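# Descriptive structure summary
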Amino acid sequence: MAEKICVAVRLRPPVSQSQDTSSATFWRVEDNRISLHKLHGTPIPGISYAFDYVFDETCSNAKVYELLTKDVIHAAVDGFNGTAFAYGQTSSGKTFTMNGSPNDPGIIHRAVNDVFRKIQMISDREFLIRVSYMEIYNEEINDLFAVENQKLQIHESLERGIFVAGLREEIVNNAEQVIKLLESGEVNRHFGETNMNARSSRSHTIFRMVIESKGIDSRSSGDYSSSDAIRVSVLNLVDLAGSERIAKTGAGGVRLKEGKYINKSLMVLGNVINKLSNGAKQRAHIPYRDSKLTRILQTALGGNAKTSIICTLAPEEVHVEETKGTLLFASRAKRITNCAQVNEILTDAALLKRQQLEIEELRRKLQGSRSEVLEQEILKLRNDMLKYELEREKLEMELEEERKSHKEREQRIRDQQLKIENLSSLVSDGDRSSSQDSMKESPKDECNYRGEDFKTPCFKAAGNAFVAKRSNNSQLPDFSPLPDSFSNVADEDTWFKMNKGYIADLDLLQTTPARKVQSFPPQDITPDCSNDNYKEELQNLKRQLELAIKGKNELERKHEEEIQLNGRLMGEISELKQELDVNNNLLEASKERYGSLEREFQLLKEERDSLQKSVSESSQKLTFVTDQKENILKDLNSEVQRRKDLEAEIKQFSVAFASRQRSLASIHGEFKSKMEKLRAENPVPLHKSLQY
Ligand SMILES: Nc1ncnc2c1ncn2[C@@H]1O[C@H](COP(=O)(O)OP(=O)(O)OP(=O)(O)O)[C@@H](O)[C@H]1O
């Protein structure tokens, strides 16, 4: 059954009253809560903790045992593993709590007495108790019952669980015997003097009782499921060494080395408690193997055991930080859930029967909900996967189409840009031609000019044609001086770049028509023209120019629109891409889940198969045993029958024997009387006469 570890804290009495008067804070205990207060009584926010029990400095070991530990001890007698340990900084009262004083024995003594007292009260079971006592000193395990057993190793086996190999175990019959053994062990324990404690435990000690019991009349009951089982439980009573600040303990040399080992193993214990307190989901790996202490206490921490922890606190203000640390440890420990169950070892027949029941149960579970649920989940996942695949394909198609139309639009934009460039150059060419024309005076020049093949601009093949036109025009520098203001609008370099196919800056291009209007108004051109045709042509040219400018503006507007549309579409494409990514992730996740479910399903199938196999093996075994039993019964019956027959025969024989005896007796009587009669008739001694 899952249950939380039981956690209590205990405040030891202050070492010296005088220290307290100068304190600025003190710990207050109210019911099952402990909080830090300022000297005048105001509670300090955030430093208040509740536990299963909070014992103040007036509390006795008797009370601590009664409220916190007794249940664990009693449960151990009933077959549950149990652990009780004391945790706290050095000199906070751990050893006092576990070992006690002559006037107020500690938890270990009380537990030992209680175990034997309880056993006495159980009449239907017989008990076997073994005890051992070890210490972990500088991360080495030593036997406190046998000093020669040092540096012992931890092992693990199916039958014994985690155990210390080579540790002496004494079989004990009463509490006094155990107390004597404990006293002998205490002598071997490592204690040392530090600034904080004149007799400081330099090692963690674990006193262990293994309690075995068996129902007394198990044979007669015939119920194999429980009375035939042997219960084995392990009870650990642990006195930890205290965490210490080297600065405070003033430790050096050996003490310093011990302190480092102590702190390290307590840190591992803290880590284990921390991980366990995170709850099953976030637990991941629990570092039990990082220290000997946690390895030995593995079952007690989050395993098959009932556990109670007492955290001892030093009340002095100078220890307030350590006390807060201990309280934090205690509140984490409070969140740990153990799952204790009676430990039973079964005889073969009981084991067979129980296994069969378990197999049946498993089979029911397997055939029932679990596999159905799994199959349904797999089906659902398959559907989801198909759905995602379809959605992905659809999205991919949409994306492809979008890409295509995006390309087309880009092409259109490029075309438009080109057209705009052409128009712009045309406009400026036209301007320049106009200005040149207006300055021309000789008919030869006029003819030359008119002889040029001036056409409506061909937008599509603009690039090269335009470059050619520019190069033609550049042959007339003398007749076409650039206005001063031109360089402010579009310099030669810019033109050059544009004509070479550089990306155009539209802002620059837009300034070109404005220059034409400002610099070359039409009235400046006409008065100088004497030829009518030429005038007409000029008019045409002007019209064409106007049209071209209009066209160019229109194109620019369209171009702008296209760019905006393009921007929007790009946004849509990136949204689609994101959606596609999300879908892909979902697909991956469901694929993974699907895979793991399939694996789980496969495992379950294998498990089911092996279970079925073991069921059939068990059935075979059972049939074999039943057959054997029947045969034996048959043999027994025939033996009984034979015995009955023999008895009857003996009876008959006895009757016949008796009647024979009777007839013999009568013959003998007759013979005797005849002899006597003969003797009377014949005085010759009979034996003589008979000799003849
Ligand atoms: N509840 C208590 N009532 C009276 N005296 C106490 C109590 N707790 C502790 N003490 C006394 O305080 C001193 C230190 O206690 P103890 O040796 O038990 O501390 P510890 O936590 O085991 O220290 P360490 O970790 O150094 O071994 C001892 O003299 C002990 O008798």
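Given the structure is predicted, the values throughout are model-derived calculations rather than measurements.

Counting its secondary structure elements, the protein contains 19 helices and 19 strands. Residues classed as buried in the protein amount to 39% of the 692 residues present. For the protein, contacts bridging at least 24 residues in sequence account for 74% of all contacts bridging at least 6. As presented, the protein carries roughly 40,400 Å² of accessible surface, and 53% of it is formed by carbon and sulfur atoms.

So, about the pattern of salt bridges. Where charged atoms of side chains with opposite charge meet at close range, the side chains can pair. For the structure shown, the criterion picks out 21 salt bridges. Here arginine 130 makes a salt bridge to glutamate 169, at a shortest N to O gap of 2.7 Å. Taken together, the residues arginine 130 in strand β8 (residues 125-137) and glutamate 169 in the loop between β11 (161-165) and β12 (170-172) connect sequence positions 39 residues apart. Given a relative accessible area of 18%, arginine 130 falls into the buried group. Glutamate 170 is paired through a salt bridge with arginine 168; the nearest N and O atoms lie 3.9 Å apart. The class for glutamate 170 is partly exposed, based on a relative accessible area of 24%. Among the residues examined, arginine 168 registers a relative accessible area of 34% and is labelled partly exposed.

Here the focus is the site of the ligand. Close to the ligand lie 15 residues, the nearest being Thr90, Lys94, Thr95, Ser200 and Ser201. In this structure, an oxygen atom belonging to the ligand sits 2.5 Å away from a side-chain N or O atom of threonine 90. Measuring from an oxygen atom of the ligand, one finds a backbone N or O atom of glycine 93 at 3.0 Å. Protein contact buries 75% of the 630 Å² of open area that the ligand shows by itself. Residue assignment for the shell around the ligand shows that the elements contributing at least two residues are α3 (94-99) and β14 (200-201). At 3 residues, α3 tops the list of elements feeding residues into the shell around the ligand. The residue makeup of the shell around the ligand, split by class, is 2 nonpolar, 10 polar and 3 charged.

Another point: the environment of serine 200. Assignment of secondary structure puts serine 200 in strand β14. Residue classification places serine 200 among the buried residues on the basis of a relative accessible area of 3%. Along the chain, serine 200 and alanine 241 lie 41 residues apart, while their C-alpha atoms are 7.8 Å from each other. Beyond its immediate sequence surroundings of up to four residues, serine 200 is in contact with Thr90, His190, Phe191, Gly192 and Thr194. Polar contacts involving the side chain of serine 200 include one to the side chain of arginine 202, which spans 3.0 Å.

The subject of this paragraph is the sheet that holds strand β4 (residues 33-38). Taken together, 3 strands build an open sheet; the order of strands is β3-β4-β5 and the sheet is antiparallel. The open sheet has two edge strands, β3 (25-30) and β5 (43-50), and neither has a second partner. Mean inter-strand twist for the sheet, computed between neighbouring axes without regard to direction, equals 25 degrees. Sheet topology note: the β3/β4 ladder contains 6 bridges and is antiparallel. Directly across from phenylalanine 26, in β4, lies its bridge partner histidine 37. With respect to the sheet, helix α11 (residues 320-333) is in contact with β3, β4 and β5, its orientation differing from that of β5 by roughly 40 degrees.

The subject of this paragraph is a negative patch on the surface. Taken together, the side chains of Glu391, Glu398, Glu401, Glu572, Glu575 and Glu579 define an acidic patch exposed on the protein surface. Of all the elements in the fold, those that place two or more residues in the negative patch are α12 (348-439) and α18 (532-681). When its relative accessible area of 43% is taken as the criterion, glutamate 579 is described as partly exposed.

Cut-off values and rules
- Residues numbered from 1 in each chain as written.
- Predicted model: local features only at pLDDT ≥ 70, side-chain atom pairs only at ≥ 80, totals over all residues.
- Heavy atoms only, no water.
- Helix = DSSP H or I, 4+ residues; strand = E, 2+ residues; numbered from the N terminus.
- Buried < 20%, exposed > 50% of the residue type's maximum accessible area, 1.4 Å probe, protein only.
- Contact = heavy atoms within 4.5 Å.
- Areas by Shrake-Rupley, 256 points an atom, 1.4 Å probe, with all protein chains shown as cover.
- Salt bridge = Lys/Arg side-chain N within 4 Å of Asp/Glu carboxyl O.
- Near = heavy atom within 4 Å.
- Polar contact = N/O pair within 3.5 Å; in protein donor to acceptor, adjacent residues only side chain to side chain.
- Nonpolar A, V, L, I, M, F, W, Y, C, P; charged D, E, K, R; others polar.
- Pairing = 2+ DSSP bridges.
- Axes fitted to C-alpha atoms, helices over the stretch in contact; angles between N-to-C directions.
- Patch = residues over 30% accessible without salt bridge, like charges linked within 9 Å, V, L, I, M, F, W, Y side chains within 5 Å.
- Lys, Arg positive; Asp, Glu negative; His and termini not counted.
- Charge placed at Lys NZ, Arg CZ, Asp CG, Glu CD.

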